[in-house]
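Tertiary structure, described
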Amino acid sequence: MRIPTTAFGAGGTVTVLNPATADPIADVPLADLAETDAAIEAAHRAFPAWRAVAPADRARLLRNFAAVVEEHLEELALLEVANAGHTIGNARWEAGNVRDVLNYYAAAPERHFGKQIPVPGGIDVTFHEALGVVGVIVPWNFPMPIAGWGFAPALAAGNTVVLKPAELTPLTAMRLAELALEAGLPEGVFTVIPGKGSVVGERFVTHPLVRKVCFTGSTAVGKGIMRGCADQVKRLTLELGGKSANIVFADADLEKAAASAPGGAFDNAGQDCCARSRILVEHTVYERFLELLQPAVERFKVTDPSRPDAEMGPLISARQRDSVAAYLKNADVAITGQTVDASSGFWLPPRVVLPRGTDDDVWRHELFGPVVAVLPFTDEADAIAKANDTEYGLSGSIFTRDLGRALRVARSVESGNLSVNSHSSVRYWTPFGGFKQSGLGRELGPDAPDSFSEVKNVFISTDI
Ligand code: NAP
Ligand code: MG
């Protein structure tokens, strides 16, 4: 496996591990504060020329980038299997998502329309002006897609980008930066800066030349970033935690609901801000649903993530595994899934827990691991109340055959991304983001370039 290189290193190194085995993969050089400042200044210098690239040429460069990602799809996927423990199927999808998101936003430079607004005495037009340098801060759970959702629309809108990957998972982002240069993006337009959150990430917040921060990660760190951005009224997008509900009504296709519930909760070992980690089941079918859920959980294939049949691999780190395991000490575990007989690596089997009530930690906290909690509800109003009884509001699912109910409940759940009879959350064609403490702003969808630009209004008098 070829390890991508970087020009940084004054901030020491971090040893990245393969989470499936705990074996070291690489010592990655980290940037210090001075190197971070230099990279931000280089991105600032690259901005005027990048903004001035003709729309069709910027579009072509982004399509070239997508094509080069496509050529290296397998390499990127294998790098992610090794660095993040993602299943090979997921990792291929993730690299493909970077390609697709680049292609989707490659259409934006030629279509980022302003408006012509009727006014007396002249004409009035609006422009979408690029911001300048955008800082993207990426977590370890989906290193490639989350990077792409930030950098692709930001670049399309004419900004230059500095990107900080998570310390645990920097390799695919570093490789994407090499591929961007290979695709012909000019130096300084897209720079990946491996480093610590407290150094590189924090500097994106405090450096005046970074005009927007795009952060995905924990709610606690996100709140600190929001406070920091206030000093400069810095633009900010936050994608934070979740504790999403999967609401199963008695009239649903129960077999389908039970068969898909493990995927909705345990995909990426549950380390997914959209994980349906709370299942609410109508009380009349609660026992039946658990009967159907048991074989589905036991079938969920936990194995070496590089195997093509893997549905779940390890957790990202010993710390993450231990943090999830601590919640299980006092929990009532009803179903335990497959275990890997590994002497090392950060493994946990999937588990279904039955909370004593809605105050239980397993019901309230984002565990970020392969644990799903199941509770019964009495009626539609109770289901909505329980689903909304959380500080989070990222996603959620509704299983029912009643279309009217599906729409009523979808409109009532305080959450940014709902799916009916499915667990889909993130589609690059549609806006993605959270209500309440799950975030601020939206990513993806047709309007993403708007959030990487300012609206400028220009009035031209005809009265001369
Ligand atoms: P985190 O600390 O919020 O890290 C996310 C990113 O922010 C990483 O790149 C991190 O860098 C960086 N960062 C950390 N402190 C920063 C600061 N003061 N200023 C600027 N950037 C900073 O999340 P985590 O520690 O990886 O995970 C902790 C928990 O967060 C998880 O257990 C889970 O509950 C939640 N989480 C949610 C999501 C999501 O998609 N919503 C993703 C990941 C985690 P370093 O890598 O150097 O720390
Ligand atoms: Mg952290």
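See above for the structure.
In what follows, the accompanying structure is described. Keep in mind that what you see is a predicted model, and the values were worked out from it rather than measured.

**Things to note about the packing of aromatic side chains**
Tallied over the entire structure, the rule returns 10 aromatic pairs. When the centroid spacing of 5.7 Å and the interplanar angle of 15° are considered together, the rings of Phe65 and Phe151 count as stacked. Placement of the pair is Phe65 in helix α2 (residues 55-71) and Phe151 in helix α5 (residues 143-156), with a sequence separation of 86 residues. Look at Phe65 and you get buried, because its relative accessible area is 0%. Residue Phe151 is classed as buried on the basis of its relative accessible area of 0%. Between the aromatic rings of Phe151 and Phe190, the centroid separation amounts to 4.5 Å while the plane-to-plane angle is 40°, which identifies the pairing as tilted.

**Side note on the layout of surface pockets**
Over the atoms a probe the size of a water molecule is rolled, and this reveals where empty space is left. Approximately 1,200 Å³ is the volume found for the largest pocket. The wall of the largest pocket is formed by 45 residues, among which Trp140, Gly217, Ser218, Val221 and Arg319 lie closest to the centre. Elements with a contribution of two residues or more to the lining of the largest pocket: α7 (197-206), β8 (210-216), α8 (219-230), α11 (318-328) and α12 (361-364). No other element matches the six residues that α8 contributes to the lining of the largest pocket. A class-by-class count of the residues in the lining of the largest pocket yields 19 nonpolar, 16 polar and 10 charged. Built from parts of two domains, the lining of the largest pocket gets at least three residues from each of domain 1 (13-240 + 438-460) and domain 2 (245-427).

**Brief notes about the nonpolar core**
Residues Phe65, Phe151, Leu163 and Phe190 are the most contacted members of the largest nonpolar core, which totals 64 residues. By residue number, the principal contributor to this core is α5, which donates nine residues. Taken together, domain 1 (13-240 + 438-460) and domain 2 (245-427) each give at least three residues to this core, which thus spans both. In contact with Phe190, other than residues within four places in its own chain, are Phe65, Phe151, Leu155, Val161, Leu163, Leu176, Ala177, Ala180 and Leu185. One finds Phe249, Ala257, Tyr286 and Val409 within the second-largest nonpolar core, a separate group that totals 50 residues.

**Describing a nonpolar patch on the surface**
On the surface, Ile117, Val119 and Phe459 cluster together to form a nonpolar patch covering roughly 220 Å² of accessible area. Within the element layout of this structure, Val119 appears in the loop between β3 (116-117) and β4 (122-130).

**A short note on the pairing of β8**
Most of β8 sits out of view: six of its seven residues are buried. Alignment of strand β5 (residues 133-137) against β8, held across five bridges, turns out to be parallel. Bridge pairing in β8 places Ile137 opposite Phe215. Strand direction decides the pairing type here: β8 and strand β9 (residues 235-239), joined by five bridges, are parallel. By the bridge assignment for β9, Thr216 is matched with Glu239. As a crossover connection, the stretch from β8 through α8 into β9 is right-handed.

**Quick notes on the site of ligand 1**
Neighbouring residues of ligand 1: 27 residues in total, closest Val138, Trp140, Glu167, Ser218 and Leu240. Contacts to ligand 1 include Glu202, whose side-chain N or O atom sits 3.4 Å from a nitrogen atom. Within the side chain of Glu366, a nitrogen or oxygen atom sits 2.9 Å from an oxygen atom of ligand 1. About the coverage of ligand 1: the protein hides 83% of its 860 Å² of free accessible area.

Parameters at a glance
Residues numbered from 1 in each chain as written. Chains lettered and ligands numbered in written order. Predicted model: local features only at pLDDT ≥ 70, side-chain atom pairs only at ≥ 80, totals over all residues. Heavy atoms only, no water. Phe/Tyr/Trp six-rings, centres within 6.5 Å; stacked < 30°, edge-to-face > 60°. Helix = DSSP H or I, 4+ residues; strand = E, 2+ residues; numbered from the N terminus. Buried < 20%, exposed > 50% of the residue type's maximum accessible area, 1.4 Å probe, protein only. 1 Å grid on protein atoms, 1.4 Å probe; cavity = no way out; pocket = protein on both sides within 12 Å on 5 of 7 lines; lining within 4 Å. Points joined across faces, edges and corners; volume = space filled by probe spheres on them. Nonpolar A, V, L, I, M, F, W, Y, C, P; charged D, E, K, R; others polar. Domains from an automatic or database assignment. Core = buried A, V, L, I, M, F, W, Y, C linked by side-chain atoms within 4.5 Å. Contact = heavy atoms within 4.5 Å. Patch = residues over 30% accessible without salt bridge, like charges linked within 9 Å, V, L, I, M, F, W, Y side chains within 5 Å. Areas by Shrake-Rupley, 256 points an atom, 1.4 Å probe, with all protein chains shown as cover. Salt bridge = Lys/Arg side-chain N within 4 Å of Asp/Glu carboxyl O. Pairing = 2+ DSSP bridges. Right-handed = clockwise from strand over helix to strand, strands pointing away. Near = heavy atom within 4 Å. Polar contact = N/O pair within 3.5 Å; in protein donor to acceptor, adjacent residues only side chain to side chain.

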